[in-house]
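Notes for the structure review
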Amino acid sequence: MANATTRAKRLNETKMILRQPLLLIAIILSFALLLLFVIYPLAKTLIYSLTDETGAFSLANLITILQTPRYGKVFGRTMALGLIVAVIGYVFAYTVTRVNVPAKGFFKTMATLPILSPPFVLSLSIIFLFGKQGLISKNLLGITGSSVYGLKSLIVVQVMSFFPIAYLTLSGIL
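For the structure given in this document, a descriptive report is provided here. No experiment lies behind these values; they were computed from the predicted model shown. (Residues numbered from 1 in each chain as written. Predicted model: local features only at pLDDT ≥ 70, side-chain atom pairs only at ≥ 80, totals over all residues. Heavy atoms only, no water.)

Right, let's talk about the overall build of the protein chain for a bit. Of regular secondary structure, the protein chain possesses 8 helices and 0 strands. Counting helices and strands in the order they occur from the N terminus, the protein chain gives α-α-α-α-α-α-α-α. Taking 174 residues into account, the globule formula puts the C-alpha radius of gyration at 16 Å, and the protein chain, at 24 Å, lies well above it. Along the first, second and third principal axes, the C-alpha atoms of the protein chain reach 70 × 60 × 30 Å. The buried share of the protein chain, reckoned over its 174 residues, is 15%. Across the protein chain, every contact between residues at least 6 apart in sequence was considered, and the portion connecting residues at least 24 apart equals 49%. (Helix = DSSP H or I, 4+ residues; strand = E, 2+ residues; numbered from the N terminus. Rg over C-alpha atoms; globule rule 2.2 N^0.38 Å. Buried < 20%, exposed > 50% of the residue type's maximum accessible area, 1.4 Å probe, protein only. Contact = heavy atoms within 4.5 Å.)

The structure is reproduced here in structure tokens:
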């Protein structure tokens, strides 16, 4: 019985899409753009990474990458950064949803506020404010030897940029 109802719903949805040619064109165009700008470049990258200069299948590139210590170090730091940001997002979501803290509404609003701007805007603002020639670091505090290009700065930027997504996801679960 449930299969017949599901099939009837799908048939009605298909008929509705076919009756609206503009919607059908938009759907087809969306899939075409997805294929052209996402799937095709990913497939070409995968093909190039798994072939040698002659075009034959080879894992030499993968072996070279896995044997280079620098890539392993970068991978480890990336995983550590992701874990730190996830833990901070979880702690915030847990605190706001499960713990009786004052001004919960304020914290919920502040958690979703960074979604309004893209992450690169936050990155640039951190560089402009706290970099070597930064407004706050050099002009206000007189610090000249500061650097914002390390793991600590990345943690701050990643937490501010992506923890709202973790918070929204986890608060729904918690």
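Don't stop here, the text continues.
Here we come to unusual backbone geometry. Although it is not a glycine, Ala103 sits at a positive phi angle of roughly 60 degrees. Tracing the backbone shows Ala103 in the loop between helix H4 (69–98) and helix H5 (104–112). Classification of Ala103 as partly exposed rests on a relative accessible area of 45%.

Interhelical geometry of H5 versus helix H8 (residues 151–173) gives an angle of 125 degrees and a closest axis separation of 8 Å. The angle between the axes of H5 and H8 places the two elements in the oblique class. Note on element contacts: H8 touches H5 through Phe163, Pro164, Tyr167 and Leu168, opposite Lys108, Ala111 and Thr112. Among the residues making up the contact of H5 with H8, the classes are represented as 5 nonpolar, 1 polar and 1 charged. (Axes fitted to C-alpha atoms, helices over the stretch in contact; angles between N-to-C directions. Parallel < 35°, antiparallel > 145°, perpendicular 65-115°, else oblique. Nonpolar A, V, L, I, M, F, W, Y, C, P; charged D, E, K, R; others polar.)

The final tally for this structure, using the stated rule, is 3 aromatic pairs. Between Phe92 and Phe107 the ring centres are 6.3 Å apart and the planes differ by 80 degrees, which places this aromatic pair in the edge-to-face class. You can see Phe92 sitting in helix H4 and its partner Phe107 sitting in helix H5, a full 15 residues away along the chain. Taking the centre distance of 5.7 Å and the plane angle of 65 degrees together, the rings of Phe106 and Phe107 count as edge-to-face. (Phe/Tyr/Trp six-rings, centres within 6.5 Å; stacked < 30°, edge-to-face > 60°.)

A separate point is the packing of H4 against H8. Interhelical geometry of H4 versus H8 gives an angle of 45 degrees and a closest axis separation of 7 Å. Taken together, H4 and H8 sit at an angle that is classed as oblique. Note on packing geometry: the crossing formed by H4 with H8 is right-handed. In this structure, H4 uses Leu81, Ile84, Val85, Ile88, Gly89, Tyr90, Phe92, Ala93, Val96 and Thr97 to contact H8, whose residues at the interface are Leu151, Leu154, Ile155, Gln158, Val159, Phe163, Ala166, Tyr167, Leu170 and Ser171. (Left-handed = near helix turned anticlockwise from the far one by under 90°.)

Looking now at the side chain of Ser153. Within the element layout of this structure, Ser153 appears in helix H8. Since its relative accessible area comes to 18%, Ser153 is described here as buried. Among the polar contacts listed, one links the side chain of Ser153 to the backbone oxygen of Val148, at a separation of 3.2 Å. Apart from the residues within four sequence positions on either side, Ser153 is in contact with Ser147 and Val148. (Polar contact = N/O pair within 3.5 Å; in protein donor to acceptor, adjacent residues only side chain to side chain.)

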